[in-house]
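# What the coordinates show
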Amino acid sequence: PELSPFCKSLTHIAQSDVDGAPPFPEALAAWCAWAAPFAPWVLASWGSYDRRQLGDDCRLHGVEYPFTGHVNIKAAFARIRG
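Anyway, here's the lowdown on the structure attached to this text. (Residues numbered from 1 in each chain as written. Predicted model: local features only at pLDDT ≥ 70, side-chain atom pairs only at ≥ 80, totals over all residues. Heavy atoms only, no water.)

## Here's the deal with the overall build of the protein
Under the convention used in this document: By definition, any uninterrupted DSSP run of H or I lasting at least four residues is a helix, any uninterrupted run of E lasting at least two residues is a strand, and each is numbered from the N terminus. Radius of gyration means the value over C-alpha atoms here, while the globule rule gives 2.2 Å times the residue count to the 0.38 power.
When helices and strands are tallied, the protein shows 5 helices and 2 strands. If you list the helices and strands of the protein from N to C, you get α-α-α-β-α-β-α. Against the 2.2 N^0.38 benchmark of 12 Å for 82 residues, the protein shows a C-alpha radius of gyration of 15 Å, more extended than a compact globule. If one aligns the C-alpha atoms of the protein with their principal axes, the spans along those axes are about 40 × 35 × 20 Å.

Structure follows, in structure tokens:
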């Protein structure tokens, strides 16, 4: 897909990065192979968007969601900092 100007500004990802990237199932399999010594994995992200998006992508591509849990760092930060 073509990246929007907003997405490019937010993530600093270039269109050439997306065009040359492997498909999601291949990229996830490579990450899981690399991270295998550290399993099981808990996803930590700023908010819940990434957890939902990764779950949606796994369902869309028919691959298993590899994380055993999720830590919402944004919520944890808010609790600690008040």
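Moving on from the model shown.
## Thoughts on the side chain of S45
To keep things clear, this is the line we draw: Exposure categories follow from relative accessible area, calculated using a 1.4 Å probe and restricted to protein chains: below 20% of the type maximum is buried, above 50% is exposed, and the middle band is partly exposed. Each polar contact in these results corresponds to two N or O atoms within 3.5 Å; when the atoms are within protein, one needs to be able to donate a hydrogen and the other to accept it, and residues that are neighboring in sequence are counted only if both atoms are side-chain atoms. Contacts were defined at the residue level, with two residues in contact if any of their heavy atoms lie within 4.5 Å.
In this fold, S45 is placed in strand β1 (residues 41-45). On the basis of relative accessible area, S45 is assigned to the buried category, the value being 5%. Here the side chain of S45 touches G47 through a polar contact of 2.8 Å, landing on its backbone oxygen. Once residues lying within four places of it in the same chain are set aside, the contact partners of S45 are D50, R51, H70, V71, N72, I73 and K74.

## A few points about the pattern of salt bridges
For clarity, the cut-off: The term salt bridge refers to a side-chain nitrogen of Lys or Arg lying within 4 Å of a carboxyl oxygen of Asp or Glu.
Applying the stated criterion to the full structure yields 1 salt bridge. For the salt bridge of R59 with D56, the shortest nitrogen-to-oxygen distance reads 2.5 Å. In this pair, R59 and D56 both sit in helix α4 (residues 49-61), 3 residues apart, roughly one turn of the helix. Exposure remark for R59: the relative accessible area of 61% places this residue in the exposed category. Assessed through its relative accessible area of 40%, D56 is described here as partly exposed.

## Topic: the pairing of strand β2 (residues 67-72)
What counts, and what does not: The pairing criterion for strands is at least two bridges between them, as found by DSSP. Assignment of crossover handedness uses the view with strands pointing away from the viewer, where a clockwise path from the first strand over the helix to the second indicates a right-handed crossover.
Pairing analysis gives 5 bridges linking β1 to β2, with the strands arranged parallel. Bridge pairing in β2 links W41 to F67. As for the winding sense of the linkage, the β-α-β connection from β1 through α4 to β2 is right-handed.

## With respect to helix α5 (residues 73-81)
At the N-terminal end of α5, a side-chain oxygen is found 3.1 Å from the backbone nitrogen of K74, two or three residues along, and the residue is N72. Positive backbone phi, approximately 75 degrees, marks G82, located one or two places after α5.

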